[in-house]
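Per-entry structural report
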Amino acid sequence: MKNNFFIIILLSALSTSGFGQQKDTTLSYNFSQFWRETGHYFTTPLHWEGSDAIVIGSLLAGTAVAYALESPAAPVIPGTNSYLTRPLYNGTLAQIGDFYGGLYMPFILFGGFGGYSLITGDITARKIAFELGQSCLYAAAITGVLKVVVGRARPYTGEGKSSFYFFGGLTSGHDAFPSGHMTEAMALSTVLAFNANPLWLKILCYVPVPFTFFARAYQGYHWISDCVLGAGIGFFTAKWCEDAHGRVDDAPTKTGSLEVKSVWPLTVSMVIN
């Protein structure tokens, strides 16, 4: 039920908006390009410059500040989860946040843009689908490794915010840092925002992200610092993908605009300005 509810909200938002990008016929957005760019992405640290170090340092500093300010976990009785009793634990906002940062959303968006591209041959939709999949996979790889290596206890365990177990992320409940939901939510929203034409739509693309932040912290799955670092990984990974292909912000006036005219029956059109 909550899945259908969120999908309806998303498609309703798209019904009066467009995603556009200059058609770049020099990029095919296929597996060959994916593997080539995968190598480029994971070797990027070898080519970092001073400005990159400042960005990474700022992200780590922000995470450290969040860690210093966040409160310890609420005491729990062994074998119980005190967060389950919170009044908004299963509320609408938490459900939307969980769903948007969960496993299904990348497949829904990737399938929607990718399917449209296959049907129409539109390179704009193909680019967006490619970047959605690319950014989520890259960011998830980084987040997954950190989860295992750092091994931070989740808040609901009651072990406290300073409980770290080297390679403890292989154990359930010791894989809090960073937040995978926040990583995914920020990656998805950033790809959509960078491919959106109006400023108001760029802002709208980020609206679900605070819901995910709220859900993961409120339900006791993550600390605030987990969410901060996850959001940073998702954003900068998606930005790297966009910069590699060209962003709508940098495109000339002539663009393609993908529009959903109605939710039911689903009507989609491609408008060339």
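Here is a short report on the structure shown in this document. Because the structure is predicted, anything quoted here is derived from the model rather than measured.

**A few points about the packing of aromatic side chains**
Scanning the model with the defined rule gives 14 aromatic pairs in all. On the numbers, 5.2 Å between centres and 75° between planes, the contact of Phe-34 with Trp-35 is edge-to-face. Accessibility expressed as a relative area gives 16% for Phe-34, which makes it buried. Judged by its relative accessible area of 59%, Trp-35 falls in the exposed class. Taken together, a centroid distance of 5.2 Å and an interplanar angle of 80° make the contact between Tyr-41 and Trp-240 edge-to-face. Placement of Tyr-41 in helix α2 (residues 31-42) and of Trp-240 in helix α10 (residues 224-245) is noted, with a sequence separation of 199 residues between them.

**Some points on the nonpolar core**
Within soluble globular proteins, side chains that are nonpolar tend to cluster in buried spots. Core analysis: the largest hydrophobic core is formed by 25 residues, its most contacted members being Tyr-100, Met-105, Leu-109, Phe-113, Leu-132, Leu-188 and Leu-192. The set of elements that each furnish at least two residues to this core consists of α4 (92-100), α5 (104-120), α6 (123-150), α7 (180-194), α8 (199-205) and α10. Per-element accounting of this core gives the leading share, 7 residues, to α7. Of all hydrophobic cores here, the second largest spans 8 residues; its members include Leu-27, Phe-130, Tyr-138 and Cys-241.

**Quick word on a nonpolar patch on the surface**
A contiguous nonpolar patch, built from Leu-103, Tyr-104, Phe-107 and Ile-108 and spanning about 460 Å² of accessible area, is present on the exposed surface. Secondary-structure assignment places Ile-108 in helix α5. When its relative accessible area of 30% is taken as the criterion, Ile-108 is described as partly exposed.

**Details of the side chain of His-174**
Within the secondary structure layout, His-174 lies in the loop between α6 and α7. In terms of polar contacts, His-174 uses its side chain to reach the side chain of Glu-159, at 3.0 Å.

**A few points about the pattern of salt bridges**
Side-chain pairs of opposite charge can arise whenever the charged atoms involved come near each other. Applying the stated rule across the entire model yields 7 salt bridges. Here Arg-216 and Asp-98 are joined by a salt bridge, their closest N and O atoms 3.1 Å apart. Pair noted here: Arg-216 is in helix α9 (residues 208-218) and Asp-98 is in helix α4, with a separation of 118 residues, a long-range link. Accessibility assignment for this pair places Arg-216 and Asp-98 in one class, buried. Measuring nitrogen to oxygen at the nearest pair gives 3.1 Å for the salt bridge that ties Lys-127 to Glu-242. Remark: Glu-242 occurs in helix α10 and Lys-127 occurs in helix α6; sequence separation between them is 115 residues. For the pair Lys-127 and Glu-242, a shared accessibility class is recorded, and that class is buried. Several salt bridges converge on common partners, so that one network encompasses Glu-70, Arg-152 and Asp-226.

Thresholds, definitions, all that
- Residues numbered from 1 in each chain as written.
- Predicted model: local features only at pLDDT ≥ 70, side-chain atom pairs only at ≥ 80, totals over all residues.
- Heavy atoms only, no water.
- Phe/Tyr/Trp six-rings, centres within 6.5 Å; stacked < 30°, edge-to-face > 60°.
- Buried < 20%, exposed > 50% of the residue type's maximum accessible area, 1.4 Å probe, protein only.
- Helix = DSSP H or I, 4+ residues; strand = E, 2+ residues; numbered from the N terminus.
- Core = buried A, V, L, I, M, F, W, Y, C linked by side-chain atoms within 4.5 Å.
- Patch = residues over 30% accessible without salt bridge, like charges linked within 9 Å, V, L, I, M, F, W, Y side chains within 5 Å.
- Areas by Shrake-Rupley, 256 points an atom, 1.4 Å probe, with all protein chains shown as cover.
- Salt bridge = Lys/Arg side-chain N within 4 Å of Asp/Glu carboxyl O.
- Polar contact = N/O pair within 3.5 Å; in protein donor to acceptor, adjacent residues only side chain to side chain.

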